[in-house]
Amino acid sequence: MFDIENLSYQTGRKTLLQQVSFRARPGELLAVVGANGAGKSTLLRLLSGDLTPTSGLVHFDGQPLGELPAATLARRRAVLTQQHTLSLAFPVEELVMMGRYPYFQNQPTALDHWIVEAALSTVGLSALARRSYPTLSGGEQQRAQLARVLAQVWEAQEGFLLLDEPLTGLDLHHQHHTLDIARDLVLRGFGVIAVLHDLNLAAQYADRILLLAQGQPVAYGSPDQVLTCENIHRGFQIDVQLLPHPHLSCPLIVPCPRRAV
Amino acid sequence: MPTLTQAPHHTLNTPPTQSLPGRRPVVSRGQRYLLPGLAILLVGAVLVGAGVGAVAVPVPAVVGILLHKLGVSTGLAYEPQQEAVLWAIRLPRVCLGVLVGAALGLAGASMQGLFRNPLADAGLIGISSGASLAAVAAIVLEVKLLTVFAGLAAVREMLGFYLLPTVAFAGACGTTFLVYRISREGGRTVIATMLLVGLAINALAGACTGLLTYVATDEQLRSITFWGLGSLGGASWPTVLRLLPFLVLPLLWLPRLGKPLNLLALGESQATHLGLPVGRLKQQLIGLSTLAVGASVAVVGAIGFLGLIVPHLIRLVAGPDNRLVLAGSALGGAVVLVLADTLARTIVAPAELPIGILTALLGAPAFLWILLREQKLRRS
């Protein structure tokens, strides 16, 4: 469980994040939404330990994040970042196996191999297991990285997944498929924190939503509470209309045309 | 909570507790045979290197002499002269070649992993240029300094023949430490900055070396040139034994860093998320590589291209997995240097070609060939 208290982050004079507090529980999907530069990625990097907060606290399972050994943390939470720099010609299955590196010394066990295979089939890349990573398309690379992250916490108890824009470069089918995977994890007791851009996807899949604007929290709560016309206007400077979703109980957000009559 | 229909193929299963299906990833032929193949090649290279020369020692004689030294008598015939040449001249030289080749190959592979760039080598962070500057400074300024500081004469007396290697090693460590220190930003070493700082320090060291060369006498120039081209010619058992303590740690430790280096290939933050202590890994890579290359360069001079090209060749055969690339580069570097040295001392016999010239002469076209081949593969 992540406990975030009055989290702020500054570089130089610029405040990127100010006074953010929330709690992310296992068994919940928390979507972080907001305009470009609202501080979503900064928040995720603070949670993953890449950045040290200027003030405020990040607790993971009741302990300050900085005091947890990296190896212990690696078995409990996995992070999918936005940018991937791997240019070496590793086979996809070895990339996914890297998610298991925290668990074995020299040679992977049968369990590690099993998990790699299962992670690959989960993201639908079993057929490309032997392909060299750089030859994959952008979306396939993104899914391969997701498989690596899944393998890392596959059998963790109350594990956490931090996903920074996990849907970038994915087609419609795989966007929903990725969020389906996230929901499956939540059902198994995982906590998932995902930065999302599509408010309708956030409404459909998230248990809770945190809306940020210019580094400050605008709203935090269930999709119905957060995704109101006023909040969305404050977050994105855009007028929207909320329609009932034809199949689900969540709202459907439709931007008003700029020259609405 | 909205309910979603779930397709059956993406449910995350918990693994069965018993009898996991043991499908293992297919290991390519290159991966499987790389290390045994290189080990056999190395034995062959050592036998060739020990046998070829003005006094030929055929393979059975080499084996006979070695076993005799180990206290095993065989019926293999050899002459006393062969034994003397092999023991006093050839074997120390071959051993030096194996050690230095392995050190240069390993350090090259480590730096390519650290910089996540296949064009990196140990020269990039100032190891070679620092060693060169210090060595040249020692050659040129020695006499002048001796007259100024009487105390230096005592140091010179103590180090004797080892003055130059010691100074070169200190120079290598000094420049690398400088590059490392300047690249630190808020307690972290920024690799991109390190590359640029390395460039600047290399240029500075090069300029100072040039300045010293400019004021050098003709005799000093000969020493400088010879040192800059590299040679295993001075090899003796004492040389090997002096080098060995410096290389034990890097040669045993660096090959074990393959797994962490694979994670580093994902990116620094990604590696950190997977529990890798990235800062410590960088320190290990830089420290051990400096030890390996600094000590080698100090003893045999600058030998170019080996650290760059050997890891490339290994990756060509076995793929990018650093667990194989590191061990393979050590063995491959040893094979290449022993063979190159054998060629260097026989091709213009009775004279000797400086080995640095040979490695660059053979290495550069080979490197170009690899690049062109990769280009062609990418296009098709």
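Remember, it's a predicted structure, so these values are computed and weren't measured experimentally.

Caption draft 1: Region of the structure containing the overall build of chain A. Within chain A one finds 9 helices and 12 strands. In terms of overall size, chain A behaves like a compact globule, its C-alpha atoms giving a radius of gyration of 19 Å where 261 residues would be expected to give roughly 18 Å. For chain A, the spread of C-alpha atoms along the three principal axes comes to 65 × 40 × 35 Å. Every one of the 261 residues in chain A was classed for burial, and the buried ones make up 55%. A fraction of 65% describes how many contacts in chain A between residues 6 or more apart in sequence connect residues 24 or more apart. With 20 positive and 23 negative side-chain charges, chain A shows a spacing of 5 Å between the two charge centroids.

Caption draft 2: Geometry of the UniProt feature "transmembrane region" (unreviewed entry) in chain B. Residue and element names in this part refer to chain B. Cross-referencing UniProt, the feature "transmembrane region" (unreviewed entry) maps to residues 33-66, 86-107, 161-180, 192-215, 235-254, 285-312, 324-347 and 353-372 in the present numbering. Helix makes up 82% of residues 285-312 and strand makes up 0%, while its end C-alpha atoms are separated by 18 Å. Note that residues 353-372 is 90% helix and 0% strand, and that its end C-alpha atoms are spaced 29 Å apart.

Caption draft 3: Main features of the packing of helix α3 (residues 80-114) of chain B against helix α9 (residues 237-253) of chain B. All names here are of chain B. Packing of α3 against α9 brings their axes to within 10 Å, and their N-to-C directions diverge by 25°. Here α3 lies roughly parallel to α9, going by the angle between them. In the crossing of α3 with α9, the sense of the turn from one axis to the other is left-handed. Contact with α3, carried on its side by W87, L91, P92, C95, L96, L99, V100, A102, A103 and L106, involves W237, V240, L243, L244, L247, P250 and L251 of α9 and no other residues of that element. Residue composition of the contact of α3 with α9, by class: 17 nonpolar, no polar and no charged.

Caption draft 4: Local environment of helix α8 (residues 218-229) of chain B. All names here are of chain B. The terminal C-alpha atoms of α8, which comprises 12 residues, lie 17 Å apart, in line with the 16 Å expected from a rise of 1.5 Å per residue. All of the buried residues along α8 are Q220, I224 and W227. Projected down its long axis, α8 carries its buried residues within an arc of 70°, all on one side. Exposed and facing more than 90 degrees away from the buried side of α8 are D218, E219 and R222. Just downstream of α8, G230 is the residue with a positive phi angle, here 80°.

What counts as what
- Residues numbered from 1 in each chain as written.
- Chains lettered and ligands numbered in written order.
- Predicted model: local features only at pLDDT ≥ 70, side-chain atom pairs only at ≥ 80, totals over all residues.
- Heavy atoms only, no water.
- Helix = DSSP H or I, 4+ residues; strand = E, 2+ residues; numbered from the N terminus.
- Rg over C-alpha atoms; globule rule 2.2 N^0.38 Å.
- Buried < 20%, exposed > 50% of the residue type's maximum accessible area, 1.4 Å probe, protein only.
- Contact = heavy atoms within 4.5 Å.
- Lys, Arg positive; Asp, Glu negative; His and termini not counted.
- Charge placed at Lys NZ, Arg CZ, Asp CG, Glu CD.
- UniProt positions renumbered as here; feature names shortened; annotations may be inferred.
- Axes fitted to C-alpha atoms, helices over the stretch in contact; angles between N-to-C directions.
- Parallel < 35°, antiparallel > 145°, perpendicular 65-115°, else oblique.
- Left-handed = near helix turned anticlockwise from the far one by under 90°.
- Nonpolar A, V, L, I, M, F, W, Y, C, P; charged D, E, K, R; others polar.
- Expected span 1.5 Å × (residues − 1).
- Arc of directions from axis to C-beta.

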